[in-house]
2 protein chains.
Amino acid sequence: MEIPKNHPRYESLIRRNRLIEFYEKGIVTISGLISHGRGEAFDYILGEKSNDYAILSEKAALGLILKSKKPVISVNGNVTALADDAIIEFSKKYGITVEANIFHWSQERIEKIVKHFESKGLSILGRNQNMRIPGLESNRGRCEFEGIFSADTVVIPLEDGDRAEALIKMGKNVITIDLNPLSRTSRAGHISIVDDVNRAFKNMASFDRDESISIYEKFDNSKNIVKILEFMSIRLSSLKDWPDNL
Amino acid sequence: MEIPKNHPRYESLIRRNRLIEFYEKGIVTISGLISHGRGEAFDYILGEKSNDYAILSEKAALGLILKSKKPVISVNGNVTALADDAIIEFSKKYGITVEANIFHWSQERIEKIVKHFESKGLSILGRNQNMRIPGLESNRGRCEFEGIFSADTVVIPLEDGDRAEALIKMGKNVITIDLNPLSRTSRAGHISIVDDVNRAFKNMASFDRDESISIYEKFDNSKNIVKILEFMSIRLSSLKDWPDNL
């Protein structure tokens, strides 16, 4: 379907088409499509842009990544569809390992995600899942020793709550990216980015290193989530600020 | 996937499985899956139950239906998956016509929806779409003369904004059911029910006739939507009321 460039929600409709396209490629799952719809609704409420609190958490996240010995970015089907180019740019800029890691596990889907990134010029981990995240049933815990298993910091965009909590229990620093500030994933994170995954990686690639490290050192995640909830609450009660074309 | 009955979000997960099952049957579309995810997010914020403002709008809607000469309920793929039994019960109780009417049109999908209701004991319209709703491009405007075209009141659950507005322009009384109080559909309605479609029809089947008519006669839709937005806004800012398992 052709979407006119001047459509008030052009970006959102393009994102939705990408999801459907990647579903047809076998990279996104059916439940990934429903999850995307949930994200869309929270993004409406946020105004479909990165607000000040999102920006602050993204600067803190970059600060933590820069201070980490071994940060790893976990990518699943939806993340691949929504933010492949932004992740490639960010990962190359700072030399960060990326690992394909999926909830509805199949070797075929892992392979498709790895190949997708390879076809765009980035080698990523995921093919040799030789370890398990403790506390998760077999396939859902699979990961690579060289990647997530031995990382000190993991970035988990659009992650399932059980897995987010299991990574915390392993003692890792966890950075979440999730449009729902109330999801178990967002609540589990040490740094919880409440923003679209593509905007989050684009923003992180653009920030100043020193400023980000200094923001990280004084960042209060719980306080920031409360601010985001207040922001959403105000948005919801002020109809007049809403886009015309939901 | 087996869902334990004591799961805090059991009903929501059952609904999601129904959607996927009806997608596999060819009744729900891919974009219907994404739309359902949007609905889920708004339902989280509402607390996944019918609040007082939803109940009030549902009583007013029943009042309007009872005062109408020819009310018609429009059903699409998602509505069929989510509320088939509740619609059959409501429609039989009051002898209300039901018509299959879909946005992503195909004769095959219309046929599947009509047959689905027939297999559950209710004959519905939709097979003989011999008229057009003015202002909509060809297939999206299709409807039956005996149904939506000649109705004085139409109930349009989970409807597209363009179609809601086109029905208003035809001079019909329009009752919307949509979990997003800010959608163009909700904004277009004369009575806008912000509730899950299954809960809405179950509730409407249970109300007292006379009370509903008297509520309809003094119902203020804009005021009710503002109350719902206030309710959602308060819910969002009060983290402690949230279910544990989003």
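The model shown is predicted, which means the values in this text are computed figures rather than measured ones.

Rules used in this analysis
- Per chain, residues are indexed from 1 in the order of the written sequence.
- Chains carry letters and ligands carry numbers; both start at the beginning, A for chains and 1 for ligands, and go up in the order they are written.
- In keeping with the model being predicted, local features are shown solely for residues with a pLDDT of at least 70 and side-chain atom pairs are shown and tallied solely at 80 or more, while totals for entire chains, interfaces and linings include all residues.
- Hydrogen atoms and water are omitted, and side-chain values are computed over all heavy atoms in the structure.
- Only runs of H or I of at least four residues qualify as helices and only runs of E of at least two qualify as strands under DSSP, and these elements are numbered from the N terminus.
- The atom set for the radius of gyration is the C-alpha atoms, and the globule formula is 2.2 Å times the number of residues raised to the power 0.38.
- Accessibility here uses a 1.4 Å probe with only protein chains present; expressed as a share of the type maximum, an area under 20% marks a residue as buried, one over 50% as exposed, and anything in between as partly exposed.
- By the convention used here, residues are in contact when the closest approach between their heavy atoms is within 4.5 Å.
- Accessible area that two parts lose when put together, with a 1.4 Å probe and added across both, is what the buried area reports.
- A carboxyl oxygen of Asp or Glu within 4 Å of a side-chain nitrogen of Lys or Arg is what we treat as a salt bridge.
- Think of it this way: DSSP has to see at least two bridges between two strands before they count as a pair.
- Here an axis means a line fitted to C-alpha atoms, over the contact stretch when the element is a helix, while the angle between two N-to-C directions is reported on a 0 to 180 degree scale.
- When the copies are overlaid, the least-squares fit takes in C-alpha atoms only where the residue has pLDDT of at least 70 in both copies.
- The pLDDT value tells you how sure the predictor is about a given residue, anywhere from 0 up to 100.
- We define the nonpolar core as a collection of buried residues of types Ala, Val, Leu, Ile, Met, Phe, Trp, Tyr and Cys that are connected through side-chain atoms lying within 4.5 Å of one another.
- Two N or O atoms count as a polar contact when they lie within 3.5 Å, although within protein this holds only if one can serve as hydrogen donor and the other as acceptor, and sequence-adjacent residues are included solely when both atoms are side-chain atoms.
- Seen with its strands pointing away from the viewer, a crossover is right-handed when the path leading from the first strand over the helix to the second is clockwise.
- Stacked, tilted and edge-to-face are the three classes applied to pairs of Phe, Tyr and Trp rings, where Trp contributes its six-membered ring and a pair requires centres within 6.5 Å; stacked means planes under 30 degrees apart, edge-to-face means over 60, and tilted covers the rest.
- As a reminder, the over-ring test applies to NZ of lysine and CZ of arginine, requiring each to be within 6 Å of the ring centre and within 35 degrees of the ring normal.
- In this tally Asp and Glu are treated as negative and Lys and Arg as positive; neither His nor the chain ends contributes.

(A) Region of the structure containing the overall build of chain A. A tally of regular secondary structure across chain A gives 10 helices and 7 strands. Its C-alpha radius of gyration of 17 Å places chain A within 12% of the 18 Å reference for a compact globule of 246 residues. With the C-alpha coordinates of chain A rotated into their principal frame, the extents come out at 55 × 45 × 35 Å. Within the span of chain A, comprising 246 residues, buried residues form 59% of the whole.

(B) The arrangement of the interface of chain B and chain A in detail. Contacts between the two partners involve 31 residues from chain B and, on the opposite side, 31 residues from chain A. For the pair chain B and chain A, the summed buried surface comes to about 3,100 Å²; carbon and sulfur atoms form 72% of the total. The largest per-residue losses of area from chain B upon contact with chain A belong to Ile34(B), Arg38(B) and Leu236(B), which jointly make up 20% of the total buried on that side. Where chain B meets chain A, there are 2 salt bridges. Between Glu40(A) and Arg38(B) there is a salt bridge, with its nearest N and O atoms 3.1 Å apart.

(C) Layout of the sheet that holds strand 5 (residues 153–157) of chain A. Residue and element names in this part refer to chain A. In spatial order, the strands read 2-1-5-6-7; together these 5 strands make up an open sheet with parallel pairing. Of all the strands in the sheet, just strand 2 (97–100) and strand 7 (191–193) have a single pairing partner and so form its edges. Strand-to-strand twist of the sheet, defined as the mean angle between neighbouring strand axes without regard to direction, takes the value 20°. With 5 bridges joining them, strand 5 and strand 6 (residues 173–177) adopt parallel strand pairing.

(D) Region of the structure containing the relation of the copies chain B and chain A. Overlaying chain B on chain A yields an RMSD of 0.0 Å, the required transformation being a rotation through 180° with an accompanying axial translation of 0.0 Å. The transformation relating the two chain copies, once decomposed into turn and shift, fits a two-fold axis.

(E) Local environment of the confidence of the model for chain A. Scored by pLDDT, chain A has a mean of 92; 96% of the residues are at 70 or more. With a pTM of 0.90, the predicted complex shows an ipTM of 0.85.

(F) Region of interest: the nonpolar core. Val75(A), Phe90(A), Phe201(A), Val75(B), Phe90(B) and Phe201(B) are the most contacted members of the largest nonpolar core, which has 96 residues in total. Judged by nonpolar contacts, the second largest core, of 26 residues, contains Tyr44(A), Ile225(A), Ala41(B) and Tyr44(B).

(G) Molecular detail of the environment of Lys67(B). Residue and element names in this part refer to chain B. Locating Lys67 in the fold gives a position in helix 3 (residues 52–67). Distance in space between the C-alpha atoms of Lys67 and Ile213 is 7.5 Å, their sequence separation being 146 residues. Lys67 has contacts with Ile213, Tyr216 and Glu217, leaving out every residue within four places of it along the chain. Reaching out from Lys67, the side chain makes a polar contact with the side chain of Glu217 at a distance of 3.2 Å.

(H) Up close: the pairing of strand 6 of chain A. Residue and element names in this part refer to chain A. Most of strand 6 sits inside the fold, with 4 of its 5 residues counted as buried. Since strand 5 and strand 6 lie parallel, the crossover through helix 6 (residues 161–169) that links them has a hand, and here it is right-handed. As defined by bridge partners, strand 6 adjoins strand 7 across 3 bridges and the pair is classed as parallel. For Thr176, the partnering residue across the bridge sits in strand 7 and is Ser192.

(I) Layout of the packing of aromatic side chains. All names here are of chain A. One pass over the full model with this rule turns up 9 aromatic pairs over all chains. Consider the rings of Phe90 and Tyr94, whose centres lie 5.6 Å apart with planes at 70°: the pair is edge-to-face. With Phe90 and Tyr94 both in helix 4 (residues 77–94), this residue pair falls 4 residues apart, about one helical turn. Of the two residues, Phe90 and Tyr94, both sit in the buried class. Three or more aromatic residues link up through ring pairs in this structure, and these residues are Phe90, Tyr94 and Phe201. Above the plane of the ring of Phe207 lies Lys59, whose end atom (NZ or CZ) is 5.3 Å from the centre.

(J) Quick peek at the side chain of Glu58(A). Residues and elements named next belong to chain A. Tracing the backbone through its elements, the reader meets Glu58 in helix 3 (residues 52–67). Buried charged residue Glu58 carries no salt bridge. Nearest counter-charge: Arg199, at 6.7 Å. Those residues in contact with Glu58 that lie beyond four places of it in its chain are Ile193, Asp195, Ala200, Asn203, Met204 and Phe207.

(K) Local environment of the sheet that holds strand 7 (residues 191–193) of chain B. All names here are of chain B. Pairing is parallel across the open sheet formed by 5 strands, whose spatial order is 2-1-5-6-7. The open sheet has two edge strands, strand 2 (97–100) and strand 7, and neither has a second partner. Across this sheet, the average inter-strand angle for adjacent strands is 20°, counted without regard to direction. Across 3 bridges, the pairing between strand 1 (residues 71–75) and strand 5 (residues 153–157) is parallel. Bridged to Pro71 within strand 5 is Thr153.

(L) Molecular detail of the environment of Ser192(A). Residue and element names in this part refer to chain A. Note that Ser192 resides in strand 7. The exposure class of Ser192 is buried, given its relative accessible area of 0%. Considering only alpha carbons, one finds Ser192 and Ala60, 132 residues apart in sequence, at a separation of 9.7 Å. Ser192 has contacts with Ser57, Thr176, Ser186, Asn221 and Ile225, leaving out every residue within four places of it along the chain.

(M) Summary view of helix 6 of chain A. All names here are of chain A. Every buried residue of helix 6 is accounted for by Gly161, Arg163, Ala164, Ala166 and Leu167. Against strand 5, strand 6 and helix 7 (184–188) lie the buried residues of helix 6. Capping the start of helix 6 is the job of one residue whose side-chain oxygen sits 3.2 Å from the backbone nitrogen of Asp162: Asp160. Taken from the residues just after helix 6, Gly171 is the one with a positive phi, measuring 90°.

(N) Region of interest: the side chain of Asn76(B). Residues and elements named next belong to chain B. Within the fold, Asn76 resides in the loop between strand 1 and helix 4 (77–94). From its side chain, Asn76 meets the backbone oxygen of Leu158 in a polar contact 3.1 Å long. Once residues lying within four places of it in the same chain are set aside, the contact partners of Asn76 are Asn101, Ile102, Ile113, Pro157 and Leu158.

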